[in-house]
Every structure is written in C-alpha cells, then in structure tokens.
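# Structural overview
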Amino acid sequence: MAFFKWKRDSKTEGAPGVGSPAAGGAPPPRDSRDGDQGLGFFGRLRQGLSKTRDSFTGKLDLLFLGKKEITEDLLDDLEEILFTSDIGVATTQELIASVQEKVARKELRDTDKLKAALRDQMLAFLKVDEVGHPLPHPGEPLVIMVVGVNGVGKTTTIGKAAHRFRSEGREVLLVAGDTFRAAAVEQLTIWGERVGATVIKQGSGADPSAVAFDGLAAAVARKVDVVLVDTAGRLHTKINLMEELQKIHRVIGRKLPGAPHEVWLVLDATTGQNAISQAQIFNQALGVTSIVLTKLDGTAKGGIVVGISRELGIPIRLIGIGEKIDDLREFNAADFVKAIFD
Amino acid sequence: MFDSLSEKLNRTFKKLTGRGRLTEANVQDALKEVRLALLEADVNYKVVKKLVSDIRDRAVGQDVLESLTPGQQIVKIVNEELTRLMGEARMGLELVGRTPHVLMLVGLQGSGKTTTAAKLARHLRKQGRHPYLVPADIYRPAAVDQLKKLGLEIDVPVYPTEPGQRPENICLNALAGAGREGADVLIIDTAGRLHIDETLMAELETIKERLHPTEILLVADAMTGQDAVTVAKDFNDRLDISGVILSKMEGDARGGAALSIRAITGKPIKFVGVGEKVSALEPFHPDRMASQILGMGDILSLIEKVQDEFDEKEAKELERKLKRSEFNLEDFRSQLRQVKKLGSLEEILGMIPGLGKLKKLGNLKPDEKELVKVEAIINSMTAEERRRHKIINGSRRRRIARGSGTTVQDVNRLLKNFVQTKKMMERFTKKGGLEIPSFFG
Ligand SMILES: Nc1nc2c(ncn2[C@@H]2O[C@H](COP(=O)(O)OP(=O)(O)OP(=O)(O)O)[C@@H](O)[C@H]2O)c(=O)[nH]1
Ligand SMILES: [Mg+2]
C-alpha cells in the first residue's frame, strides 16, 4: 500500500505513492477549473501559499530590513506576524520564548539567525514521531475512515485519494457512510464514477454502520485493495454523533479485525483555533492516525497545523490545494515551512 | 481548554487589594489578558489592536462599581465594547420594493450556503412569502441535487437546473419563471469559491449586474480564523454585500470571526446557523456573541440576561430550595425552560464563575433535542412524582415512558441526570464563594 505507507517508505527511492509524481503513469484527468498545470508540487504548493508568503515573509523581511540588532520591539512585531498566521496564542508564545532565550544567550545576534531559529523551531513542532499503525493482513483491504466537521472537504478528499490509489493500479471501494446530508450519496457516487471505484450505498437516512458493514463485506468479497469510508460531517461537540462514529469504527473492526487501519481527520485551513478542539475530540473518540489539511489554495495561513502537531502529536499527512481530482499532495513539513519563510 | 477571561482577569486582579479607581498601570495587565483572549477567540489581529486601545481609553480613570471587582469591571467594559462593535440586534432581511426579490448567497467552499438557502426559504415561507430556490452551483458534484432534495423536504419549489447550464442563465431563467411558480423571493445558491478566484468572482459580479439582488449575503463559517477579514473584505469589495450569515454556531468555536467580519465590512450579521436541520436558523444576538467570544465565563452578561429573563421571586425560591436540598423535578423543569429561553445549558454553566470546569462533564449538557425529550418526560409525570422523584418505581417509569413517547431507558437516564444535577448544585450552593444568587440574580 504505497499510498498510506508512503511516509514510512519515504527513504526508499522510487516507492510509488502520493508523494511521487511518477505514480500512475498517465497524467490524471482534469476538470473544468484548470489553468495552472505543469508547475509541479513545489510550484503548486508555493503558489497556494504565495499569499501566505507575501504577507508573512513580506512582513518578516520588512521587519528585518536594516535591523541587525534584535530588540524587544522586533520580537513583539514577530509575535504579531505569527498570530496573523493562525498559529495561536500558546504556540506563538512558545515559539517566541524559544528564540528569546537564544537571543538572551547571544546565540542569535542577527536577524538571519533569528529567522532560521524560528524556522527550526516550527519544524520541531511539526515533527511527529512515527508510530507503527496496524497493517492490513495479506489479502485484506486497507480500510480508511474519513472524518471531520461539516464542509471541510471529506468527500472531495476521498475522491482525490481514490484517484491516487487508482493511478497506482489499486482496486478501490468507496463507502457512502454519509446517509444524513442531502445528496451526499450522489456526490460520492459521482466521484466513484470519475475515478473508477465501486460505491457501496444505501438510501439516505440508512444506518451508517449498516452501510459500513455492507461496504466491508463487499470489499472482502471483491478482494479490493483499498476501502475509503465517507462519513457525515459533524461538529465534534455533538456527543451522540461522535458515538455514532465510534459505532461505525467498531462495526468495521468486527467485520475485519484490525480495520479501520487509518482514521483521517480532515481539517480546513481556513479554520482558526477551533481546529485544535476538533483534533482533540475526534482523536479522543477514534484515534486519528493522520490529518488532511484542505483548502490551502486560499489565503488562509494554515498555521494552526503547527499547534495541532505540537499539542497532539498527530502527523499532518496530506494537503488539499484545490477542487480538482489531483489537488491532493503529501504534507512535507520542510516544504511547508520553507514555502512560508522563503 | 481555555480558562474563561473572567477567571484570568480575577487572577490578574488578585494582586490588587482594595477597589477604587482603574489606573493605566493596573489596567495594563488586564488588557494583556483581554488581548490574548480575543486572539484565542480568532478575532483578527488588527481588530484586536484597535479594540484593546478603545477599551484602554474607556477603562482608565473609571471608578470601580461598588458591587464589582476590578476584574469584573474590566469584563463589563470589554463586553459592552464588543457588543457595541457587533452592531444592532435583529437586522432582518430587507425585502422592500418590487417583487420578485432576489436574495443571493455567496461564500467560500463548505461554508454552508446550500443548507442556509433552505433554512432561509423555510424562514421566509413562515413569514408568508413565497420563496423559490435556485441552484446555481454547477461545479460541486451533486450540489444541485442537494438543493432539490432540501426543497422537496420543506416543500418549496426549486428551479430545475440542468447539467450544462451556465450560472448566469440559470438565474435569469429562474427569474423569468418566478411568476409562473407564484414566487416572490428568489434564493440563489451559488457555488463556493475562493475570494481570489478571479473567474469565479467575476461570475458573481455578472449575476449581480443582471439580477440586481435585494440582498447579497455572505455565508461564513463561525470557526474561521484570521483569514476571515481577507475573505469578507474581498467579497464585500467585489459585491457590496448587504449582510452576513454565520454558520455552524452551535459548536464550541468562540466565533471571533463574527467580530472581524463585522469590523472589516461594517455589514450587519443577520442570522446565525445553529445546526444541520432546516429549522436551525436564528436571529443574531450581538450580546450573546460578545459573551461567547469572551469565553462565556462572563458573569456580567449573565446578570444582564437574567435581569430581563428571570423571574426574580422564582429565582430566590430556587435558591432557597437548593440550600435546603428541596430541589425537585418540578424545579428542574422550570429551570430547563429558563435554559431554553436563555440559550444552552452549557452556556449557562459556562457563565457561572468557577463552574466553567463543569462544562467538561459531558453528561450534564444534553443537546437541544435532548431538552425537548426531557421536558416531555417530566410533563408525563404526576405532580407528586415531580415533587418526590424517589417514588418513581418501575411501573411508574414504564407509564411515564409511554406517556412521553420515550423509552424506560430515557426515563432512567433523566432521573440519573436529575439526581446528579441536584447533587452538584447543592454542593456548589453550600460552598462559599459559589453562591447561587450570582446565578439566578
Ligand atoms: N479550494 C478548495 N476547495 C476544496 C478543497 N477541498 C474541498 N473543497 C471544496 O469544499 C467544499 C466542501 O467539500 P466536501 O468534500 O463536500 O466537504 P465534506 O467535508 O464532505 O462536507 P460534508 O459532507 O457536507 O460535511 C466543496 O465545494 C469542495 O469542492 C481544497 O483543497 N481547496
Ligand atoms: Mg461529504
């Protein structure tokens, strides 16, 4: 399963997966909203982040222009910049504290060094120790459950991820577990058609656990490689709806021991501090294995990721940078921070 | 996760003995806390800056009110300042002049436009209007389908958008057909788009030019962070929006985006979305929003609310009962009714200093659906049962469940919750410092 093992395999050259542009051979189909093809991963990422960079590094450079001495004022201004990137109070204070200490020890005598130290510290916050997740037993499918609050991009992410798996030559089955929102099943069905994946569904209003059970049965019978389970968007504060998710999780595990192997929490980059609460509560309920950060193609800074990674130790694995079928990318902390600071 | 602002301020002011006057020096520390609380609540950085300086100007030199601590005094000022900035309450839709009116919903992807369109249609119909839903999101898979289904659910006609139609034509055709449908308000659901997407922003401008909407409403997610100002500014610059609807307000987001959007556009927030159901649309309350941004630990706004919503005598009676452990299901029910009037139970708990922590006790915060159920159950009890819950045995439980259309488990759960709440309230009433009078006025 190159896609989901990508991180662990990342040192192995040539491992196919979402991070390797070579995966899939033929270029993926594109839909109507195009116009920036051929930029490659870095190009797209930077383009997506250009606004972030403009406002962030732009200000940063302005700040440092001609200033060699690091003053208290400078640190204050720096704090402002971090705040406006949605990095949040606690993380910003820690970042500042970490450099302040070094300034006091005269390790950071000029602004270049200060910048580098900040970047390093952000990288350190973004670094999460890999924990081994259970792998599917041989001959059994990899099961991924996708969760998140309303409208963050779960269904679209499933469509894009399915496309990724398909272009690696894997058989993919989608489970229409959002039986609540009007036309959610139809939405996933359209994605299934686009990417060439079977969609297992029941009528709207059906019990999502029952749909998941059916989906798993079909996946095992058809010997597919990957199962992606869509779920209805829900606010993490709704206890009954969180219990419903836990039930889906349990039912999947009963049908296929060890599954779901992955729980992806989708977060919207536009979201502010509430994303931390979302991550905490979804994680408590289900044990989130990866975070997908969507809508990084807007002007939102996405800085919340730094805090989440630091507070919860959940790796950010994928990013969404548009609505097109191939607008899903590997999250790479170095690239991410680099794109912000360069 | 966060301490409430008033808890923080009280700590800050612990060092200050005595009362008297707020000075530059003693306000300084408090304002630092205010600043961080606002940032933590996602209020935009620039907005915070302006606000804090306004608050400083107002606070310095003020006498501390007899009944308040300096911390509470600051919270009061902050709260008033936020409420003022938030604008007037109850700015409804302005549908005057020639019909059919056109109402257009715009916003980022996933902000909640489609659901809001259906909610508005339902709302308008209740006011005697004849809405017509127009699905103009031709991009997101099944978006048209979604609105069609919602229209069916609430029995409001939906323009039959077909694949391949351009948004502009959809809207023009719908307008032309509105008369045939007997409609007097068109509600256009546009596709979610980024404010920096030139092509798609131009598409909205075209629709605006051709249809002259009476209202252009920006639908924004209450959980939005610092970027809310950029998004709102761009949409407003291009379309001169008439107002804002904040979606997903029922969660635990502090909702600072509301303040940011209001400050940057000057446009009123007209409604808030508080759930996924088509009925979950409410008018906007600036004061509630202000205290939510402050972390709900705001005893002052509670006092204000309590003043006009609570019957003082009833409250005193409740307090007396609590102190003498006589709190019964009858009281529980009237309290629930108060809760319904005032906002959520969670909100109430959050507003009692020191009880902020209790918010984490999940079983003490039923959701709104739950409240309805609870009330139905208590309604099915006899007066005697309400007074003495201990007599409710198995067969009584079965009868109550049948009467209220619930299950015995529901009844059991309610009784358990009641006993817990009773214990908790009694405990907190008896302990010093957490006197219930501050809760019930
Ligand atoms: N610009 C941009 N839009 C995105 C991205 N990912 C998803 N979207 C859009 O966001 C909107 C919501 O996406 P969905 O996939 O329906 O979100 P969801 O989480 O499944 O929503 P619910 O099931 O209703 O909770 C759609 O219009 C998507 O096209 C992204 O990375 N960038
Ligand atoms: Mg979905």
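Residues numbered from 1 in each chain as written. Chains lettered and ligands numbered in written order. Predicted model: local features only at pLDDT ≥ 70, side-chain atom pairs only at ≥ 80, totals over all residues.

## A short note on the nonpolar core
- In terms of nonpolar packing, the biggest core is built from 179 residues, with Leu174(A), Val227(A), Leu228(A), Val134(B) and Leu186(B) touching the most fellow members.
- The greatest single-element share of this core, amounting to seven residues, is contributed by helix α2 (residues 24–40) of chain B.
- Residues in contact with Leu186(B), not counting those within four places in the same chain, are Pro100(B), Val102(B), Leu103(B), Tyr132(B), Val134(B), Ala174(B), Leu175(B) and Ala178(B). (Core = buried A, V, L, I, M, F, W, Y, C linked by C-beta atoms within 7 Å. Buried ≥ 20, exposed ≤ 12 C-beta atoms within 10 Å, placed from the backbone. Helix = DSSP H or I, 4+ residues; strand = E, 2+ residues; numbered from the N terminus. Contact = placed C-beta atoms within 7 Å.)

## Considering the sheet that holds strand β8 (residues 328–330) of chain A
Residues and elements named next belong to chain A.
- Read from one edge of the open sheet, eight strands run β3-β2-β4-β1-β5-β6-β7-β8, paired in mixed fashion. In the strand order of this sheet, the two ends are held by β3 (198–200) and β8, each with one partner. Adjacent strand axes in the sheet meet at a mean angle of 25° when their direction is disregarded.
- Direction of pairing for strand β7 (residues 316–320) relative to β8: antiparallel, over a ladder of three bridges. Within the sheet, the bridge partner assigned to Leu318 lies in β8 and is Glu330.
- Sheet contacts for helix α9 (residues 239–255): β1 (142–147), β2 (172–177) and β4 (226–231); angle to β1, the most-contacted strand, approximately 175°. (Pairing = 2+ DSSP bridges. Axes fitted to C-alpha atoms, helices over the stretch in contact; angles between N-to-C directions.)

## Concerning the packing of helix α5 (residues 113–126) of chain B against helix α6 (residues 143–154) of chain B
Residues and elements named next belong to chain B.
- With their axes 10 Å apart at the nearest point, α5 and α6 run at an angle of 25° to one another. One element, α5, and the other, α6, form an angle in the roughly parallel class. The handedness of the crossing between α5 and α6 is right-handed. On α6, the residues touching Thr114, Ala117, Ala118, Ala121 and Arg122 of α5 are Ala143, Gln146, Leu147, Leu150, Gly151 and Ile154.
- Among the residues forming the contact of α5 with α6, the class breakdown is seven nonpolar, three polar and one charged. (Parallel < 35°, antiparallel > 145°, perpendicular 65-115°, else oblique. Left-handed = near helix turned anticlockwise from the far one by under 90°. Nonpolar A, V, L, I, M, F, W, Y, C, P; charged D, E, K, R; others polar.)

## A closer look at the interface of chain A and chain B
- Every contact between the two is made by 33 residues of chain A and, on the other side, 33 residues of chain B.
- Sorting the residues of the side of chain A that touches chain B by element identifies α3 (72–84), α7 (184–195) and α10 (274–286) of chain A as the ones contributing at least two each.
- Broken down by element, the side of chain A that touches chain B gets its largest block of residues, four residues, from α7(A).
- A breakdown of the residues in the side of chain A that touches chain B according to their chemical character gives 11 nonpolar, 14 polar and eight charged.

## Looking at unusual backbone geometry
- Put simply, Ala259(A) and Pro260(A) share a cis peptide bond, and its omega is -5°.
- Residues Thr99(B) and Pro100(B) are joined by a peptide bond in cis, for which omega reads -5°.
- Within the element layout of this structure, Pro100(B) appears in the loop between α4 (70–86) and β1 (101–106).
- A positive phi is found at Ala183(A), a non-glycine position, where the angle reads about 65°.

## Some thoughts on the site of ligand 1
- Contacts to ligand 1 come from 25 residues, most closely from Gly153(A), Thr156(A), Gly233(A), Gly320(A) and Gln109(B).
- Nearby residues around ligand 1 are contributed by chains A and B.
- Here the shell around ligand 1 takes three residues from helix α6 (residues 154–167) of chain A, the largest share from any one element. (Near = placed C-beta within 6 Å.)

## Topic: the pairing of strand β5 (residues 243–247) of chain B
Residues and elements named next belong to chain B.
- With respect to burial, β5 is a largely interior element, four of its five residues being buried.
- Note on the crossover from strand β4 (residues 215–221) through helix α9 (residues 228–239) to β5: the handedness is right-handed.
- With three bridges connecting them, β5 and strand β6 (residues 269–273) associate as parallel partners. Looking at β6, one finds that Val244 is bridged to Ile269.
- Once you follow β5 into helix α10 (residues 256–265) and on to β6, the crossover reads as right-handed. (Right-handed = clockwise from strand over helix to strand, strands pointing away.)

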